[in-house]
Amino acid sequence: MKDEQDRPLKGCAVEGRNVAPVACRCPECGHEVEMFSDELETTCPQCGKDVTMEVCKFGNR
Ligand SMILES: [Zn+2]
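Residues numbered from 1 in each chain as written. Predicted model: local features only at pLDDT ≥ 70, side-chain atom pairs only at ≥ 80, totals over all residues.

1. Observations concerning the overall build of the protein
Right, so step 1: The number of helices and strands found in the protein is 1 helix and 4 strands.
Right, so step 2: Counted from the first residue to the last, the protein has its helices and strands arranged as β-β-β-β-α.
Right, so step 3: In the protein, which comprises 61 residues, the proportion classed as buried is 11%.
Right, so step 4: Residue pairs at least 24 apart in sequence account for 18% of intrachain contacts in the protein once pairs closer than 6 positions are excluded. (Helix = DSSP H or I, 4+ residues; strand = E, 2+ residues; numbered from the N terminus. Buried ≥ 20, exposed ≤ 12 C-beta atoms within 10 Å, placed from the backbone. Contact = placed C-beta atoms within 7 Å.)

2. Topic: the environment of C26
Right, so step 1: Along the chain, the position of C26 falls in the loop between β1 (21-25) and β2 (32-36).
Right, so step 2: Given 22 C-beta atoms within 10 Å, C26 falls into the buried group.
Right, so step 3: For the pair C26 and D50, spaced 24 residues apart in the sequence, the C-alpha separation amounts to 8.2 Å.
Right, so step 4: With near-sequence residues (within four places) excluded, C26 lies in contact with H31, V33, C44, Q46, C47, K49 and V51.

3. Looking at the pairing of β1
Right, so step 1: Direction of pairing for β1 relative to β2: antiparallel, over a ladder of 5 bridges. Of the residues in β2, the one forming a bridge with V22 is M35.
Right, so step 2: Two successive antiparallel strands, β1 and β2, enclose a turn made up of 6 residues, where G30 displays a positive phi of approximately 85°. (Pairing = 2+ DSSP bridges.)

4. Observations concerning the environment of G30
Right, so step 1: Along the polypeptide, G30 turns up in the loop between β1 and β2.
Right, so step 2: Among the residues examined, G30 registers 12 C-beta atoms within 10 Å and is labelled exposed.
Right, so step 3: Sequence separation of G30 and C47 is 17 residues, and the distance between their C-alpha atoms is 9.6 Å.

That's the geometry; what it means functionally is another story.
Structure below.
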C-alpha cells in the first residue's frame, strides 16, 4: 500500500554484502548520490529524480 514511505536507510544493510558503493551524480540537479553496485536505481534525495545505474556509469567518466 504505502511501502515507499518506510524504506530502510541504506548503509546499514550493506555490511557483509558483496556490493560496492558507487558515487553518482544526479542528472537533474548535480547532487552527489551514493548508489550500491547491486542497485539498478535510486532516488536523488535533493530533487527526487530517479538516478539509474546506467546514468551513473555514464556520468562517471
Ligand atoms: Zn537531483
